[in-house]
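As a plain string of letters, each chain reads:
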Amino acid sequence: MIIDSRIASETGEYDILIVGAGPAGIAMANELDGTGLRVALLESGGEEFDGDTQELYDGDVTGLEEEFDLTASRLRFLGGTSNHWGGRCVPLDPIDFARAPFSGLTGWPISREELLRYYPRANTYCGVGEFEYEPDAATGMTAEDFLMPADSSVEAAIVRQSSVNFGETYRDALRASDNVHLWLWANLTGLGFSSDGTVEGVQIQTLDGQVLEFRAPNVVLACGAIENARILMLANRANATTYGDAGGLLGAGYMDHPAGGAAFLHPTQTLVHNPHWDKDLASTDGVPLWLLWRLRDEVLDREGLANGQFYLLPFRESTHAERDREAKRGMVALRQIAKWAVGHGKYDFSLSDSYCEFILNTDAMAATTITGGWGEAPVQKVLLKYEAEQQPTRDNRVTLGERPDRFGQALPVLHWAPGEFDRDSLLRTTTLIGAACGRADIGRVELEPNFEKPYFGTTTSWHQIGTTRMSEAASDGVTDPDGRVHGTTNLYMAGGSVMPTSGRANPTLTIVALTLRLTDHLKAKMET
(Lines give C-alpha, C1' and ligand atoms only; values in the text may rest on other atoms or scores of the structure.)
Protein backbone atom coordinates (compact mmCIF):
# COMPACT_ATOMS: atom_id res chain seq x y z
CA MET A 1 0.00 0.00 0.00
CA ILE A 2 1.22 3.50 -0.84
CA ILE A 3 0.17 6.38 1.43
CA ASP A 4 0.59 10.12 0.91
CA SER A 5 1.83 11.53 4.23
CA ARG A 6 0.61 15.00 3.28
CA ILE A 7 -3.04 13.98 3.59
CA ALA A 8 -2.89 11.18 6.19
CA SER A 9 -4.52 11.80 9.57
CA GLU A 10 -3.06 8.90 11.60
CA THR A 11 -0.28 6.34 11.35
CA GLY A 12 -1.17 3.30 13.45
CA GLU A 13 1.18 0.80 15.08
CA TYR A 14 3.92 -1.09 13.24
CA ASP A 15 6.32 -3.94 14.02
CA ILE A 16 9.18 -2.62 11.91
CA LEU A 17 9.76 0.95 10.77
CA ILE A 18 12.18 1.45 7.85
CA VAL A 19 13.40 4.94 7.04
CA GLY A 20 14.58 5.35 3.46
CA ALA A 21 13.28 3.69 0.28
CA GLY A 22 16.49 3.13 -1.64
CA PRO A 23 17.96 -0.30 -2.48
CA ALA A 24 18.38 -1.26 1.20
CA GLY A 25 14.95 -0.10 2.39
CA ILE A 26 13.10 -1.52 -0.60
CA ALA A 27 14.89 -4.88 -0.36
CA MET A 28 14.01 -5.15 3.33
CA ALA A 29 10.38 -4.16 2.74
CA ASN A 30 10.07 -6.66 -0.09
CA GLU A 31 11.49 -9.43 2.10
CA LEU A 32 8.93 -8.61 4.81
CA ASP A 33 6.00 -8.54 2.39
CA GLY A 34 3.55 -11.30 3.21
CA THR A 35 5.10 -12.15 6.58
CA GLY A 36 2.24 -10.91 8.71
CA LEU A 37 4.46 -8.25 10.27
CA ARG A 38 3.18 -4.69 9.98
CA VAL A 39 5.88 -2.69 8.21
CA ALA A 40 6.14 1.05 7.49
CA LEU A 41 8.60 2.20 4.82
CA LEU A 42 9.15 5.96 5.05
CA GLU A 43 10.36 7.85 1.98
CA SER A 44 11.23 11.55 2.05
CA GLY A 45 10.23 12.12 -1.57
CA GLY A 46 7.54 10.92 -3.90
CA GLU A 47 7.52 8.55 -6.83
CA GLU A 48 9.30 11.08 -9.04
CA PHE A 49 12.02 13.69 -8.57
CA ASP A 50 11.03 16.83 -6.67
CA GLY A 51 13.38 19.80 -6.48
CA ASP A 52 12.24 21.06 -3.07
CA THR A 53 12.72 17.63 -1.51
CA GLN A 54 16.10 17.21 -3.18
CA GLU A 55 17.33 20.42 -1.53
CA LEU A 56 17.12 18.61 1.81
CA TYR A 57 20.26 16.75 0.66
CA ASP A 58 22.29 19.95 0.71
CA GLY A 59 25.48 20.04 2.74
CA ASP A 60 29.10 21.15 2.70
CA VAL A 61 32.27 19.33 1.70
CA THR A 62 35.88 19.94 2.70
CA GLY A 63 39.02 18.21 1.44
CA LEU A 64 38.50 17.46 -2.26
CA GLU A 65 35.46 19.69 -2.28
CA GLU A 66 35.72 20.49 -5.99
CA GLU A 67 35.10 16.82 -6.80
CA PHE A 68 32.04 16.28 -4.61
CA ASP A 69 28.50 17.65 -4.46
CA LEU A 70 26.25 16.22 -1.76
CA THR A 71 23.08 17.30 -3.55
CA ALA A 72 24.04 15.82 -6.91
CA SER A 73 25.48 12.56 -5.59
CA ARG A 74 22.30 11.44 -3.81
CA LEU A 75 18.66 11.30 -4.88
CA ARG A 76 15.74 11.74 -2.51
CA PHE A 77 12.73 9.95 -4.03
CA LEU A 78 11.47 6.37 -4.39
CA GLY A 79 14.40 4.17 -5.39
CA GLY A 80 16.97 6.51 -3.88
CA THR A 81 20.32 6.62 -5.59
CA SER A 82 19.41 3.60 -7.75
CA ASN A 83 17.67 6.23 -9.88
CA HIS A 84 21.10 7.17 -11.23
CA TRP A 85 23.52 4.44 -10.14
CA GLY A 86 26.04 2.92 -12.52
CA GLY A 87 24.61 -0.57 -12.00
CA ARG A 88 27.91 -2.41 -11.55
CA CYS A 89 27.77 -5.37 -9.19
CA VAL A 90 30.57 -7.45 -7.68
CA PRO A 91 31.00 -9.03 -4.23
CA LEU A 92 33.74 -8.19 -1.78
CA ASP A 93 36.91 -10.29 -2.07
CA PRO A 94 38.19 -12.78 0.52
CA ILE A 95 41.07 -10.47 1.45
CA ASP A 96 38.61 -7.75 2.46
CA PHE A 97 37.53 -9.90 5.41
CA ALA A 98 40.91 -11.49 6.16
CA ARG A 99 42.69 -8.38 7.45
CA ALA A 100 42.07 -5.15 9.28
CA PRO A 101 42.52 -1.73 7.65
CA PHE A 102 46.04 -0.29 7.57
CA SER A 103 44.72 2.82 9.35
CA GLY A 104 44.46 1.07 12.72
CA LEU A 105 40.67 0.80 12.82
CA THR A 106 39.01 -2.60 13.13
CA GLY A 107 37.86 -4.70 10.19
CA TRP A 108 34.83 -6.87 9.54
CA PRO A 109 33.32 -8.60 12.60
CA ILE A 110 31.55 -11.09 10.31
CA SER A 111 33.03 -13.53 7.79
CA ARG A 112 32.74 -13.54 4.03
CA GLU A 113 31.12 -16.97 4.36
CA GLU A 114 28.34 -15.30 6.32
CA LEU A 115 27.67 -12.86 3.47
CA LEU A 116 27.90 -15.62 0.87
CA ARG A 117 24.61 -16.89 2.28
CA TYR A 118 22.97 -13.65 1.07
CA TYR A 119 24.90 -12.62 -2.05
CA PRO A 120 22.92 -14.90 -4.42
CA ARG A 121 19.62 -13.35 -3.29
CA ALA A 122 21.18 -9.90 -3.57
CA ASN A 123 22.14 -10.78 -7.15
CA THR A 124 18.48 -11.49 -7.85
CA TYR A 125 17.32 -8.18 -6.36
CA CYS A 126 19.91 -6.34 -8.45
CA GLY A 127 18.86 -8.21 -11.60
CA VAL A 128 22.31 -9.60 -12.44
CA GLY A 129 21.58 -13.29 -12.81
CA GLU A 130 23.59 -16.09 -11.26
CA PHE A 131 26.06 -15.50 -8.47
CA GLU A 132 29.05 -16.30 -10.66
CA TYR A 133 32.00 -13.93 -10.73
CA GLU A 134 34.77 -16.03 -12.22
CA PRO A 135 36.02 -14.97 -15.68
CA ASP A 136 34.73 -18.20 -17.21
CA ALA A 137 31.22 -16.88 -16.55
CA ALA A 138 31.69 -14.85 -19.74
CA THR A 139 30.16 -16.57 -22.74
CA GLY A 140 32.37 -17.55 -25.66
CA MET A 141 35.63 -16.62 -23.94
CA THR A 142 38.84 -18.59 -24.47
CA ALA A 143 42.29 -18.17 -22.94
CA GLU A 144 43.42 -16.33 -26.07
CA ASP A 145 40.77 -13.64 -25.53
CA PHE A 146 42.35 -12.35 -22.33
CA LEU A 147 44.77 -9.51 -22.88
CA MET A 148 46.74 -10.63 -19.82
CA PRO A 149 47.66 -14.33 -19.94
CA ALA A 150 47.85 -16.38 -16.76
CA ASP A 151 50.11 -14.43 -14.41
CA SER A 152 51.15 -14.92 -10.81
CA SER A 153 50.41 -11.27 -9.92
CA VAL A 154 47.45 -10.08 -11.99
CA GLU A 155 44.06 -11.66 -12.60
CA ALA A 156 41.10 -10.82 -14.77
CA ALA A 157 37.95 -10.07 -12.80
CA ILE A 158 34.38 -9.56 -13.96
CA VAL A 159 31.74 -7.07 -12.86
CA ARG A 160 28.09 -7.68 -13.70
CA GLN A 161 26.02 -4.82 -15.11
CA SER A 162 22.54 -4.15 -13.70
CA SER A 163 19.79 -2.06 -15.27
CA VAL A 164 17.51 -2.28 -12.21
CA ASN A 165 15.98 0.89 -10.81
CA PHE A 166 14.69 -0.25 -7.41
CA GLY A 167 11.83 2.24 -7.34
CA GLU A 168 10.52 1.33 -10.77
CA THR A 169 11.16 -2.41 -10.40
CA TYR A 170 9.53 -2.91 -6.99
CA ARG A 171 6.89 -0.14 -6.95
CA ASP A 172 4.02 -2.41 -8.01
CA ALA A 173 4.86 -4.98 -5.32
CA LEU A 174 4.89 -2.25 -2.68
CA ARG A 175 1.58 -0.90 -3.94
CA ALA A 176 -0.02 -4.34 -3.83
CA SER A 177 1.27 -5.30 -0.38
CA ASP A 178 -1.23 -5.61 2.46
CA ASN A 179 1.25 -5.55 5.35
CA VAL A 180 3.90 -3.15 3.99
CA HIS A 181 2.86 0.52 3.90
CA LEU A 182 5.01 2.89 1.85
CA TRP A 183 4.65 6.42 3.24
CA LEU A 184 5.72 9.05 0.70
CA TRP A 185 6.71 12.65 1.44
CA ALA A 186 7.73 11.62 4.99
CA ASN A 187 10.83 13.46 6.23
CA LEU A 188 12.27 12.13 9.49
CA THR A 189 12.77 15.04 11.89
CA GLY A 190 13.13 13.35 15.26
CA LEU A 191 13.92 10.17 17.18
CA GLY A 192 12.75 9.97 20.79
CA PHE A 193 14.77 7.72 23.15
CA SER A 194 13.80 6.29 26.52
CA SER A 195 16.36 6.07 29.29
CA ASP A 196 17.35 2.50 28.34
CA GLY A 197 18.17 3.39 24.72
CA THR A 198 14.88 2.37 23.16
CA VAL A 199 13.51 4.45 20.30
CA GLU A 200 10.00 5.15 21.48
CA GLY A 201 8.84 7.49 18.76
CA VAL A 202 9.75 8.65 15.27
CA GLN A 203 8.56 12.05 14.09
CA ILE A 204 8.15 12.94 10.43
CA GLN A 205 7.20 16.19 8.74
CA THR A 206 6.05 16.95 5.24
CA LEU A 207 7.22 20.01 3.36
CA ASP A 208 3.78 21.59 3.74
CA GLY A 209 3.83 21.32 7.55
CA GLN A 210 2.06 18.04 8.33
CA VAL A 211 3.54 16.33 11.44
CA LEU A 212 3.05 12.62 12.15
CA GLU A 213 4.31 10.26 14.86
CA PHE A 214 5.24 6.62 14.28
CA ARG A 215 5.92 3.88 16.83
CA ALA A 216 7.50 0.48 16.32
CA PRO A 217 9.58 -1.94 18.40
CA ASN A 218 12.21 -1.98 15.66
CA VAL A 219 13.48 1.07 13.77
CA VAL A 220 15.85 0.79 10.80
CA LEU A 221 17.69 3.72 9.22
CA ALA A 222 18.41 3.01 5.55
CA CYS A 223 19.22 6.49 4.32
CA GLY A 224 22.79 6.15 3.05
CA ALA A 225 26.12 6.68 4.79
CA ILE A 226 25.91 10.45 5.16
CA GLU A 227 22.28 10.70 6.23
CA ASN A 228 22.37 7.70 8.59
CA ALA A 229 25.20 9.32 10.56
CA ARG A 230 23.54 12.74 10.45
CA ILE A 231 20.21 11.42 11.76
CA LEU A 232 21.86 9.70 14.72
CA MET A 233 23.98 12.78 15.49
CA LEU A 234 20.88 14.96 15.46
CA ALA A 235 19.03 12.50 17.71
CA ASN A 236 21.94 12.39 20.17
CA ARG A 237 22.02 16.17 20.23
CA ALA A 238 18.27 16.46 20.80
CA ASN A 239 18.21 13.74 23.52
CA ALA A 240 21.55 14.63 25.18
CA THR A 241 22.81 11.08 24.46
CA THR A 242 25.88 9.53 22.85
CA TYR A 243 24.49 6.35 21.34
CA GLY A 244 26.87 4.74 18.87
CA ASP A 245 29.67 7.13 19.78
CA ALA A 246 31.50 5.46 22.67
CA GLY A 247 34.74 5.50 20.70
CA GLY A 248 34.19 8.83 18.95
CA LEU A 249 33.60 7.04 15.64
CA LEU A 250 30.04 8.14 14.82
CA GLY A 251 30.38 9.73 11.38
CA ALA A 252 34.04 8.67 11.04
CA GLY A 253 35.59 6.16 8.66
CA TYR A 254 33.90 7.64 5.59
CA MET A 255 35.10 5.96 2.40
CA ASP A 256 34.57 6.28 -1.32
CA HIS A 257 36.36 4.64 -4.23
CA PRO A 258 38.72 7.30 -5.60
CA ALA A 259 38.85 6.95 -9.37
CA GLY A 260 41.10 8.30 -12.09
CA GLY A 261 43.80 7.48 -14.59
CA ALA A 262 46.77 5.57 -13.16
CA ALA A 263 48.76 4.86 -16.30
CA PHE A 264 48.73 4.27 -20.04
CA LEU A 265 49.53 0.91 -21.56
CA HIS A 266 51.31 1.21 -24.92
CA PRO A 267 50.58 -2.13 -26.63
CA THR A 268 53.33 -4.12 -28.29
CA GLN A 269 50.95 -5.62 -30.85
CA THR A 270 48.23 -3.99 -32.91
CA LEU A 271 44.93 -4.19 -31.03
CA VAL A 272 41.44 -3.41 -32.24
CA HIS A 273 38.92 -5.64 -30.49
CA ASN A 274 39.31 -7.00 -26.97
CA PRO A 275 36.78 -8.22 -24.38
CA HIS A 276 38.19 -5.70 -21.89
CA TRP A 277 36.58 -2.86 -23.83
CA ASP A 278 34.13 -4.42 -26.28
CA LYS A 279 30.56 -3.57 -25.32
CA ASP A 280 28.97 -6.93 -26.20
CA LEU A 281 30.60 -9.04 -23.48
CA ALA A 282 27.96 -11.01 -21.56
CA SER A 283 27.68 -13.85 -19.07
CA THR A 284 26.40 -17.30 -19.95
CA ASP A 285 23.05 -16.25 -18.44
CA GLY A 286 22.83 -13.13 -20.61
CA VAL A 287 23.96 -10.41 -18.18
CA PRO A 288 26.28 -7.69 -19.55
CA LEU A 289 29.80 -7.88 -18.10
CA TRP A 290 32.87 -5.74 -17.59
CA LEU A 291 36.28 -7.41 -17.66
CA LEU A 292 38.87 -5.78 -15.36
CA TRP A 293 42.39 -6.26 -14.01
CA ARG A 294 43.30 -6.53 -10.35
CA LEU A 295 46.20 -7.84 -8.27
CA ARG A 296 45.64 -11.26 -6.78
CA ASP A 297 44.78 -11.40 -3.08
CA GLU A 298 48.06 -13.10 -2.19
CA VAL A 299 50.03 -10.28 -3.85
CA LEU A 300 48.01 -7.60 -2.04
CA ASP A 301 48.66 -9.40 1.24
CA ARG A 302 52.38 -9.93 0.62
CA GLU A 303 52.96 -6.35 -0.51
CA GLY A 304 50.71 -4.75 2.12
CA LEU A 305 48.57 -3.00 -0.50
CA ALA A 306 44.99 -1.79 -0.58
CA ASN A 307 42.55 -3.46 -2.94
CA GLY A 308 41.65 -1.94 -6.28
CA GLN A 309 40.52 -2.62 -9.82
CA PHE A 310 41.41 -1.26 -13.25
CA TYR A 311 39.16 -0.69 -16.24
CA LEU A 312 40.93 -0.77 -19.61
CA LEU A 313 39.83 2.12 -21.83
CA PRO A 314 41.20 2.23 -25.40
CA PHE A 315 42.45 5.37 -27.12
CA ARG A 316 42.39 4.84 -30.86
CA GLU A 317 44.66 6.36 -33.50
CA SER A 318 43.70 9.94 -34.34
CA THR A 319 44.94 9.47 -37.93
CA HIS A 320 42.57 6.60 -38.60
CA ALA A 321 39.79 8.68 -40.17
CA GLU A 322 42.00 9.96 -42.99
CA ARG A 323 43.52 6.52 -43.54
CA ASP A 324 40.00 5.09 -43.68
CA ARG A 325 39.07 7.53 -46.44
CA GLU A 326 42.26 6.69 -48.35
CA ALA A 327 41.59 2.98 -48.09
CA LYS A 328 38.04 3.41 -49.37
CA ARG A 329 39.30 5.41 -52.38
CA GLY A 330 41.76 2.61 -53.08
CA MET A 331 39.02 -0.02 -52.95
CA VAL A 332 36.81 1.98 -55.33
CA ALA A 333 39.75 2.16 -57.75
CA LEU A 334 40.39 -1.58 -57.38
CA ARG A 335 36.77 -2.35 -58.23
CA GLN A 336 37.02 -0.09 -61.28
CA ILE A 337 40.15 -1.94 -62.45
CA ALA A 338 38.41 -5.27 -61.94
CA LYS A 339 35.40 -4.02 -63.90
CA TRP A 340 37.69 -3.04 -66.77
CA ALA A 341 39.58 -6.35 -66.61
CA VAL A 342 36.46 -8.50 -66.99
CA GLY A 343 35.05 -6.21 -69.72
CA HIS A 344 31.81 -5.23 -68.04
CA GLY A 345 30.41 -2.96 -70.75
CA LYS A 346 30.86 0.76 -70.70
CA TYR A 347 32.55 2.57 -67.87
CA ASP A 348 32.87 6.25 -67.04
CA PHE A 349 36.32 6.31 -65.48
CA SER A 350 39.90 6.58 -66.64
CA LEU A 351 41.81 3.32 -66.22
CA SER A 352 45.08 5.22 -65.72
CA ASP A 353 43.49 7.42 -63.02
CA SER A 354 42.06 4.38 -61.27
CA TYR A 355 45.40 2.61 -61.41
CA CYS A 356 47.17 5.64 -59.88
CA GLU A 357 44.52 5.96 -57.17
CA PHE A 358 44.98 2.27 -56.32
CA ILE A 359 48.76 2.53 -56.11
CA LEU A 360 48.66 5.71 -53.99
CA ASN A 361 46.33 4.14 -51.42
CA THR A 362 47.72 0.60 -51.24
CA ASP A 363 49.36 1.18 -47.82
CA ALA A 364 46.13 2.50 -46.33
CA MET A 365 44.20 -0.49 -47.70
CA ALA A 366 46.71 -2.92 -46.25
CA ALA A 367 46.70 -1.24 -42.83
CA THR A 368 42.91 -1.23 -42.70
CA THR A 369 42.74 -4.91 -43.66
CA ILE A 370 45.29 -5.89 -41.00
CA THR A 371 43.49 -4.00 -38.21
CA GLY A 372 40.12 -5.54 -38.85
CA GLY A 373 38.27 -3.51 -41.45
CA TRP A 374 36.87 -0.05 -42.01
CA GLY A 375 35.49 1.86 -39.06
CA GLU A 376 37.73 0.06 -36.54
CA ALA A 377 40.76 2.12 -35.65
CA PRO A 378 43.67 0.32 -33.99
CA VAL A 379 44.28 1.08 -30.34
CA GLN A 380 47.16 3.49 -29.85
CA LYS A 381 47.21 3.24 -26.04
CA VAL A 382 45.03 1.92 -23.22
CA LEU A 383 44.15 3.96 -20.15
CA LEU A 384 44.30 2.00 -16.89
CA LYS A 385 41.44 3.66 -15.00
CA TYR A 386 41.53 2.79 -11.32
CA GLU A 387 38.84 2.48 -8.69
CA ALA A 388 40.78 2.13 -5.46
CA GLU A 389 40.02 1.02 -1.95
CA GLN A 390 40.30 3.89 0.52
CA GLN A 391 41.42 3.35 4.09
CA PRO A 392 38.89 4.31 6.79
CA THR A 393 40.27 7.02 9.07
CA ARG A 394 38.98 9.23 11.82
CA ASP A 395 39.67 12.31 9.69
CA ASN A 396 37.38 11.44 6.78
CA ARG A 397 34.02 11.85 8.42
CA VAL A 398 30.58 13.42 8.57
CA THR A 399 29.86 16.13 11.16
CA LEU A 400 27.01 18.55 11.78
CA GLY A 401 27.48 21.99 10.30
CA GLU A 402 26.05 25.37 11.13
CA ARG A 403 23.69 25.76 8.19
CA PRO A 404 20.13 24.50 8.83
CA ASP A 405 17.76 22.76 6.44
CA ARG A 406 14.18 24.00 6.04
CA PHE A 407 13.16 22.09 9.20
CA GLY A 408 15.79 23.93 11.23
CA GLN A 409 18.12 20.91 11.53
CA ALA A 410 21.85 21.11 10.95
CA LEU A 411 23.03 20.09 7.49
CA PRO A 412 25.99 17.72 7.24
CA VAL A 413 29.61 18.59 6.58
CA LEU A 414 31.63 15.88 4.87
CA HIS A 415 35.41 15.89 4.97
CA TRP A 416 36.81 13.63 2.24
CA ALA A 417 40.43 13.49 1.12
CA PRO A 418 42.35 10.34 0.17
CA GLY A 419 45.70 10.11 1.93
CA GLU A 420 49.31 9.31 1.13
CA PHE A 421 48.99 5.61 1.95
CA ASP A 422 46.12 5.35 -0.54
CA ARG A 423 48.22 7.10 -3.18
CA ASP A 424 51.38 5.07 -2.55
CA SER A 425 49.44 1.80 -2.56
CA LEU A 426 47.92 2.68 -5.92
CA LEU A 427 51.34 3.61 -7.33
CA ARG A 428 52.87 0.29 -6.23
CA THR A 429 49.86 -1.64 -7.56
CA THR A 430 50.16 0.04 -10.95
CA THR A 431 53.90 -0.64 -11.02
CA LEU A 432 53.33 -4.35 -10.39
CA ILE A 433 50.74 -4.48 -13.16
CA GLY A 434 53.24 -2.76 -15.45
CA ALA A 435 55.83 -5.40 -14.62
CA ALA A 436 53.32 -8.13 -15.45
CA CYS A 437 52.62 -6.47 -18.81
CA GLY A 438 56.35 -6.48 -19.50
CA ARG A 439 56.72 -10.16 -18.61
CA ALA A 440 53.86 -11.03 -20.94
CA ASP A 441 55.18 -8.76 -23.71
CA ILE A 442 51.83 -6.95 -23.79
CA GLY A 443 53.37 -3.51 -23.84
CA ARG A 444 54.97 -0.71 -21.88
CA VAL A 445 53.12 0.97 -19.00
CA GLU A 446 53.58 4.73 -18.59
CA LEU A 447 52.69 5.88 -15.06
CA GLU A 448 50.67 9.00 -14.27
CA PRO A 449 53.38 11.70 -13.82
CA ASN A 450 51.74 13.55 -10.92
CA PHE A 451 51.86 10.96 -8.16
CA GLU A 452 53.81 13.33 -5.91
CA LYS A 453 50.48 15.05 -5.29
CA PRO A 454 47.98 12.74 -3.56
CA TYR A 455 45.32 11.78 -6.06
CA PHE A 456 46.08 14.33 -8.72
CA GLY A 457 43.04 14.48 -11.01
CA THR A 458 41.01 12.02 -8.96
CA THR A 459 37.24 11.91 -8.95
CA THR A 460 34.77 10.38 -6.53
CA SER A 461 32.81 7.30 -7.54
CA TRP A 462 29.85 8.52 -5.42
CA HIS A 463 30.17 5.32 -3.38
CA GLN A 464 29.31 6.48 0.12
CA ILE A 465 30.54 3.95 2.68
CA GLY A 466 31.31 3.87 6.40
CA THR A 467 30.23 6.45 9.09
CA THR A 468 28.27 3.92 11.22
CA ARG A 469 30.77 1.06 10.97
CA MET A 470 29.95 -2.30 12.54
CA SER A 471 32.18 -3.67 15.32
CA GLU A 472 32.20 -6.16 18.17
CA ALA A 473 33.17 -3.57 20.80
CA ALA A 474 31.25 -0.33 21.22
CA SER A 475 34.55 1.57 21.34
CA ASP A 476 35.50 0.36 17.84
CA GLY A 477 32.40 1.36 15.92
CA VAL A 478 28.80 2.48 15.87
CA THR A 479 26.75 -0.70 15.40
CA ASP A 480 27.15 -4.29 16.47
CA PRO A 481 27.58 -7.09 13.88
CA ASP A 482 23.80 -7.26 13.44
CA GLY A 483 23.56 -3.55 12.65
CA ARG A 484 22.07 -2.49 16.00
CA VAL A 485 23.42 0.83 17.23
CA HIS A 486 25.64 0.29 20.29
CA GLY A 487 23.82 1.40 23.45
CA THR A 488 20.32 1.15 21.97
CA THR A 489 17.85 -1.70 22.12
CA ASN A 490 15.97 -1.32 18.86
CA LEU A 491 17.70 1.12 16.49
CA TYR A 492 19.39 -0.47 13.47
CA MET A 493 21.44 0.78 10.53
CA ALA A 494 21.10 -0.71 7.03
CA GLY A 495 23.23 0.00 3.98
CA GLY A 496 26.77 0.98 3.19
CA SER A 497 27.16 3.03 6.35
CA VAL A 498 27.83 -0.15 8.41
CA MET A 499 30.70 -1.36 6.20
CA PRO A 500 34.02 -1.08 8.10
CA THR A 501 36.06 -1.39 4.88
CA SER A 502 35.18 -0.85 1.24
CA GLY A 503 37.37 -3.24 -0.74
CA ARG A 504 37.37 -2.60 -4.47
CA ALA A 505 33.74 -3.60 -4.99
CA ASN A 506 30.98 -1.26 -6.09
CA PRO A 507 28.89 -1.32 -2.89
CA THR A 508 25.25 -1.84 -3.89
CA LEU A 509 25.37 -5.64 -4.12
CA THR A 510 26.96 -5.83 -0.66
CA ILE A 511 24.48 -3.27 0.69
CA VAL A 512 21.59 -5.49 -0.39
CA ALA A 513 23.27 -8.64 0.98
CA LEU A 514 23.85 -6.98 4.37
CA THR A 515 20.25 -5.79 4.40
CA LEU A 516 18.92 -9.28 3.72
CA ARG A 517 21.03 -10.55 6.62
CA LEU A 518 19.61 -7.84 8.91
CA THR A 519 16.09 -8.69 7.75
CA ASP A 520 16.55 -12.32 8.75
CA HIS A 521 17.80 -11.14 12.15
CA LEU A 522 14.71 -8.96 12.65
CA LYS A 523 12.38 -11.78 11.58
CA ALA A 524 13.99 -14.11 14.12
CA LYS A 525 13.80 -11.41 16.80
CA MET A 526 10.08 -10.85 16.19
CA GLU A 527 9.40 -14.58 16.34
CA THR A 528 10.78 -14.70 19.88
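Relevant structure appears above.
A. Region of interest: the overall build of the protein chain. Counting its secondary structure elements, the protein chain contains 14 helices and 19 strands. Counting contacts in the protein chain only where the partners sit at least 6 residues apart, residues at least 24 apart contribute 77% of the total. Counting every atom, the protein chain has about 21500 Å² of accessible surface; 50% of that belongs to carbon and sulfur.

B. Here's a closer look at empty space enclosed by the protein. The full count for this structure, using the stated rule, is four cavities of 30 Å³ or more. Roughly 80 Å³ of internal volume is contained in the largest cavity. Together, 15 residues line the largest cavity, and A306, N307, G308, L426 and T429 are the ones closest to its centre. Within the residue set of the lining of the largest cavity, elements represented by two or more residues are β14 (308–316), β15 (379–388) and α13 (420–439). By residue class, the composition of the lining of the largest cavity is seven nonpolar, five polar and three charged.

C. Inspection of the environment of W416 at higher detail. Its location among the elements puts W416 in strand β17 (residues 410–416). Using a relative accessible area of 0% as the deciding quantity, one classes W416 as buried. Spatially, the C-alpha atom of W416 lies 7.0 Å from that of R397, the residues being 19 residues apart in sequence. Setting aside chain neighbours within four positions, we find W416 in contact with T62, G63, L64, F68, Y254, D256, P258, Q390, N396, T459 and T460.

D. Expanded view of the sheet that holds strand β19 (residues 491–493). The strand order across the open sheet built from six strands is β1-β7-β3-β2-β11-β19, with neighbouring strands paired in parallel fashion. The sheet terminates laterally at β1 (2–4) and β19, the two strands that pair on one side only. Each strand axis lies, on average, 20 degrees off the axis of its neighbour in the sheet, ignoring direction. Pairing of strand β2 (residues 16–19) with strand β11 (residues 218–221) involves four bridges; the strand directions are parallel. The residue bridging I18 from the neighbouring strand is V220, located in β11.

E. Looking closely at the nonpolar core. Ranked by internal contacts, the top residues of the largest apolar core, which has 101 residues, are I18, L42, F166, W183, V202, F214 and L491. Setting aside chain neighbours within four positions, we find L491 in contact with L191, F193, V199, V219, L221, L232, G483, R484 and V485. With 28 residues, the next largest nonpolar core counts A262, L295, L300 and I433 among its residues.

F. Fine view of the layout of surface pockets. One number sums up the size of the largest pocket: a volume of about 900 Å³. The wall of the largest pocket is formed by 48 residues, among which P23, G80, T81, S82 and G224 lie closest to the centre. Mapped by element, the contributors of at least two residues to the lining of the largest pocket are α1 (23–32), α8 (225–239), β14, β15 and α14 (508–527). Here the lining of the largest pocket takes three residues from α8, the largest share from any one element. Space inside the second largest pocket adds up to approximately 490 Å³. What lines the second largest pocket is a set of 27 residues, and nearest its centre among them are Y133, E134, P135, E155 and A156. Of all the secondary structure elements, the ones that give two or more residues to the lining of the second largest pocket are α5 (112–116), β6 (154–161), β13 (289–295) and α9 (297–303). Of all the elements, β6 adds the most residues to the lining of the second largest pocket, at five residues. When grouped by side-chain class, the residues that make up the lining of the second largest pocket number 16 nonpolar, no polar and eleven charged.

Definitions and cut-offs
- Residues numbered from 1 in each chain as written.
- Predicted model: local features only at pLDDT ≥ 70, side-chain atom pairs only at ≥ 80, totals over all residues.
- Heavy atoms only, no water.
- Helix = DSSP H or I, 4+ residues; strand = E, 2+ residues; numbered from the N terminus.
- Contact = heavy atoms within 4.5 Å.
- Areas by Shrake-Rupley, 256 points an atom, 1.4 Å probe, with all protein chains shown as cover.
- 1 Å grid on protein atoms, 1.4 Å probe; cavity = no way out; pocket = protein on both sides within 12 Å on 5 of 7 lines; lining within 4 Å.
- Points joined across faces, edges and corners; volume = space filled by probe spheres on them.
- Nonpolar A, V, L, I, M, F, W, Y, C, P; charged D, E, K, R; others polar.
- Buried < 20%, exposed > 50% of the residue type's maximum accessible area, 1.4 Å probe, protein only.
- Pairing = 2+ DSSP bridges.
- Axes fitted to C-alpha atoms, helices over the stretch in contact; angles between N-to-C directions.
- Core = buried A, V, L, I, M, F, W, Y, C linked by side-chain atoms within 4.5 Å.

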